[in-house]
Amino acid sequence: AMLLAFVGGDSREPAQDLYAQVFTLSRRDGEIKRLTDFNVDYSRIPMAMGVSWAPDGTRLAFYAAMNEAAADPANWEMELLAVSLDGRCIKLADKCRRARNFGAEIEFGPQWSPDGKTIYFVANYEEDPPHPYTCPALTYSVPPTGGVPVKICSGTPTAITPDGRYLYASGR
């Protein structure tokens, strides 16, 4: 791959350094290109995380947490987004609770199926957490054009077979 994707602050704008954006880095010439442009509203914290390439290399799926600056991270909500290499961003799934386990965040980026027709991701749309710092991790799927997430299983996806027939997950 000639491009690497990463999440980081924009050092050209130090005031926005904490507001994580999605970038690509060209392995050929070292050019860095910012793909997302989360507007900075100092009452909210936009943060991208868990970047994952589509199999055809044309898009990236990632989580975006858009939360009140003073909010406890245990209550943060996420959206699943995709961005193309020209910077067009689409929402793939509505807001959901972050999956958490006793205060340790469960950060698993979205995973594309080998054929690029499905994106698997970890979230929680249905269960009320028994404790503020515990929110069960559930695996969902959504098409790359967006839609209503479908619950696949409890736990977090760890691997997909090359033919896309099986998704392995860890958890209960």
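Anything mentioned here points back to the structure above.
Only a predicted model underlies this, so the values are computations on that prediction, with no experimental measurement involved.

### As for the overall build of the protein
- What the protein contains, in helices and strands, is zero helices and 15 strands.
- Put simply, the protein has 172 residues, and 40% of those count as buried.
- Pairs at least 24 residues apart make up 43% of the contacts formed inside the protein by residues separated by at least 6 positions.
- Split by element, the accessible area of the protein, about 9200 Å² in all, is 54% carbon and sulfur.

### Points about the environment of Ala82
- Within the element layout of this structure, Ala82 appears in strand E6 (residues 77-84).
- Residues Ala82 and Trp53 lie 29 residues apart in sequence; the distance between their C-alpha atoms is 9.5 Å.

### Remarks on the pattern of salt bridges
- This structure, assessed with the given rule, holds one salt bridge.
- Residue Asp86 is joined to Arg88 by a salt bridge in which the shortest nitrogen-to-oxygen separation is 2.9 Å.
- Residue classification places Asp86 among the partly exposed positions, given a relative accessible area of 49%.
- For Arg88, a relative accessible area of 59% puts it in the exposed group.

### Re the side chain of Ser84
- Topologically, Ser84 is positioned in strand E6.
- Overall, the relative accessible area of 12% leaves Ser84 in the buried class.
- Other than its neighbours up to four places away in sequence, Ser84 contacts Leu35, Thr58 and Arg59.

### Here we look at the sheet that holds strand E2 (residues 21-26)
- Pairing is antiparallel in the open sheet, where three strands are placed in the order E1-E2-E3. Only two strands of the sheet have a single partner each, and these edge strands are strand E1 (3-8) and strand E3 (32-34). Shown here is a sheet whose adjacent strand axes are inclined to one another by a mean of 30°, direction ignored.
- Where E1 meets E2, six bridges bridge the pair, whose relative direction is antiparallel.

### As for the nonpolar core
- Grouped together as the largest cluster of nonpolar side chains are 19 residues, with contacts concentrated most on Tyr63, Leu80, Leu92, Ile119, Phe121 and Val142.
- Of all the secondary structure elements, the ones that give two or more residues to this core are strand E5 (59-68), E6, strand E7 (89-97), strand E11 (119-123) and strand E12 (138-142).
- Ranked by residue count, the leading element in this core is E11, at four residues.
- Not counting residues up to four positions away in its chain, the partners in contact with Leu80 are Phe62, Tyr63, Ile90, Lys91, Leu92, Ala93, Pro110, Ile119, Phe121 and Val142.

### Some details on the packing of aromatic side chains
- A complete count under the given rule lists two aromatic pairs for this structure.
- Ring centres 5.3 Å apart and planes at 10° place the aromatic pair Phe6 and Phe23 in the stacked group. Of this pair, Phe6 sits in strand E1 while Phe23 sits in strand E2, placing them 17 residues apart in sequence.
- Judged by relative accessible area, which is 30%, Phe6 ranks as partly exposed.
- Accessibility expressed as a relative area gives 4% for Phe23, which makes it buried.

The rules behind each value
- Residues numbered from 1 in each chain as written.
- Predicted model: local features only at pLDDT ≥ 70, side-chain atom pairs only at ≥ 80, totals over all residues.
- Heavy atoms only, no water.
- Helix = DSSP H or I, 4+ residues; strand = E, 2+ residues; numbered from the N terminus.
- Buried < 20%, exposed > 50% of the residue type's maximum accessible area, 1.4 Å probe, protein only.
- Contact = heavy atoms within 4.5 Å.
- Areas by Shrake-Rupley, 256 points an atom, 1.4 Å probe, with all protein chains shown as cover.
- Salt bridge = Lys/Arg side-chain N within 4 Å of Asp/Glu carboxyl O.
- Pairing = 2+ DSSP bridges.
- Axes fitted to C-alpha atoms, helices over the stretch in contact; angles between N-to-C directions.
- Core = buried A, V, L, I, M, F, W, Y, C linked by side-chain atoms within 4.5 Å.
- Phe/Tyr/Trp six-rings, centres within 6.5 Å; stacked < 30°, edge-to-face > 60°.

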